[in-house]
Amino acid sequence: MKIKLHKTIYFIGFMGAGKTTVCRKLAKVCGCECVDVDFYIERFHGKKISEIFDEVGESGFREYETEALLNISKSNTPRLVSCGGGIIVTDENIRIMKNSGIVIHLYSDAKNGARRISNKKTRPLFKDVKKAQKLFFQRLPKYEEAADYTIDTTRKTSGRVYHEVIDMMSEEGLIDIIES
Ligand code: S3P
């Protein structure tokens, strides 16, 4: 399959929604870059996300996140961006994404996400499912505010989500399928 991507796409959603998996798979058929905001921050600061949380706390991490998103959003070439689950916590981030691309929410609550997360140690805000579920519901209005489109990933494999994303993007004119 070969796809032409017309606009930068930001994938948002709670931890374990499968943003990075879908983004990477899609990048291969689009022949474009998949930029992972968390990896960008880790490379930029030379530290793991958990170390950043230990050193500067969540508020410091959020500042790094906005700085990273701002840099990523400046590219003139359409690209696929996988965002950390808390990107929508900062209003400025929602503004940056909306001004520079299209936002797709991969809907997944914490219970659903927990099945996909193998190593919870790498996620400082996902220590137990009950607390994470509370956080998910607190954030839900923000995901909804930020999203141009929403795909429900509940009990779906990443392969199925990937195909649903492609179908939706094609219907909405965000991509052209050049070769199927
Ligand atoms: C976070 C989600 C993580 C990462 C950090 C904070 C959050 O990204 O950015 O641990 O606040 O939901 P993933 O959604 O890729 O796990």
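Conventions adopted
- Residues numbered from 1 in each chain as written.
- Predicted model: local features only at pLDDT ≥ 70, side-chain atom pairs only at ≥ 80, totals over all residues.
- Heavy atoms only, no water.
- Pairing = 2+ DSSP bridges.
- Helix = DSSP H or I, 4+ residues; strand = E, 2+ residues; numbered from the N terminus.
- Axes fitted to C-alpha atoms, helices over the stretch in contact; angles between N-to-C directions.
- Contact = heavy atoms within 4.5 Å.
- Near = heavy atom within 4 Å.
- Polar contact = N/O pair within 3.5 Å; in protein donor to acceptor, adjacent residues only side chain to side chain.
- Areas by Shrake-Rupley, 256 points an atom, 1.4 Å probe, with all protein chains shown as cover.
- 1 Å grid on protein atoms, 1.4 Å probe; cavity = no way out; pocket = protein on both sides within 12 Å on 5 of 7 lines; lining within 4 Å.
- Sits in = over half its atoms within 2 Å of the grid points.
- Salt bridge = Lys/Arg side-chain N within 4 Å of Asp/Glu carboxyl O.
- Buried < 20%, exposed > 50% of the residue type's maximum accessible area, 1.4 Å probe, protein only.
- Core = buried A, V, L, I, M, F, W, Y, C linked by side-chain atoms within 4.5 Å.

(A) Summary view of the sheet that holds strand β6 (residues 149-152). Strand order in the open sheet made by the 5 strands is β3-β4-β2-β5-β6, with parallel pairing throughout. This sheet does not close on itself; its edge strands, each paired only once, are β3 (34-36) and β6. Here the average twist between neighbouring strands, direction ignored, is 25 degrees. Against the sheet, helix α6 (residues 129-146) contacts β2 (9-12) and β5 (102-107), and its axis sits at roughly 150 degrees relative to β5.

(B) Layout of the site of the ligand. Inspection of the region around the ligand gives 13 residues, with K19, R62, G85, R123 and R139 positioned closest. Between the ligand and R139 there is a distance of 2.7 Å, counted from an oxygen atom to a side-chain nitrogen or oxygen. Protein chains bury 95% of the 390 Å² of accessible surface belonging to the ligand in isolation. In this structure the site holding the ligand corresponds to the largest pocket.

(C) Here's a closer look at the pattern of salt bridges. In the structure shown here, the tally under the stated rule is 12 salt bridges. One salt bridge in this structure joins E33 and R79, with 2.9 Å as the shortest N-O distance. Within this pair, whereas E33 is found in the loop between α1 (19-30) and β3, its partner R79 is found in the loop between α3 (49-73) and β4 (80-82), the two being separated by 46 residues in sequence. We classify E33 as partly exposed; its relative accessible area is 45%.

(D) Representation of unusual backbone geometry. Unusually for a residue other than glycine, R155 sits at a positive phi of about 55 degrees. Its place among the elements puts R155 in the loop between β6 and α7 (158-171). For R155, a relative accessible area of 69% gives the class exposed.

(E) Representation of the environment of T150 within the structure. Structurally, the position occupied by T150 is in strand β6. Classification of T150 as partly exposed rests on a relative accessible area of 47%. Remark: the alpha-carbon pair of T150 and V103, spanning 47 residues in sequence, is separated by 8.7 Å. Discounting residues that sit within four places of it in the chain, T150 has contacts with H105 and Y107.

(F) Structural context of the side chain of S108. Among the secondary structure elements, S108 is positioned in the loop between β5 and α5 (110-114). Look at S108 and you get buried, because its relative accessible area is 0%. Looking at S108, its side chain comes within polar contact range of the side chain of N112, at 3.0 Å. A distance of 3.4 Å separates the side chain of S108 from the backbone nitrogen of G113, its partner in a polar contact. If sequence neighbours within four positions are ignored, S108 has contacts with F14, G16, A17, G113, R116, F136 and T153.

(G) Inspection of the nonpolar core at higher detail. I12, F14, V37 and M97 are the most contacted members of the largest nonpolar core, which has 32 residues in total. When contributions to this core are tallied by element, the ones reaching two or more residues are β2, α2 (37-45), α3, α4 (91-100), α5 and α6. If one sorts the elements of this core by residue count, α3 sits on top with 7 residues. Not counting the four nearest positions on each side in its chain, I12 is found in contact with K19, C83, I87, I88, M97, V103, I104, H105, L106, Y143, A146 and A147. Counting residues in hydrophobic clusters, the runner-up holds 24 residues, among them L80, V161, Y162 and M169.

(H) Looking closely at the pairing of strand β1 (residues 2-5). Burial of the side chains of β1 is restricted to one face: I3 and L5 are buried, whereas none of K2 and K4 on the reverse face is. Bridge analysis of β1 against strand β7 (residues 175-179) gives 4 bridges, and the strand direction is antiparallel. The residue bridging L5 from the neighbouring strand is I175, located in β7.

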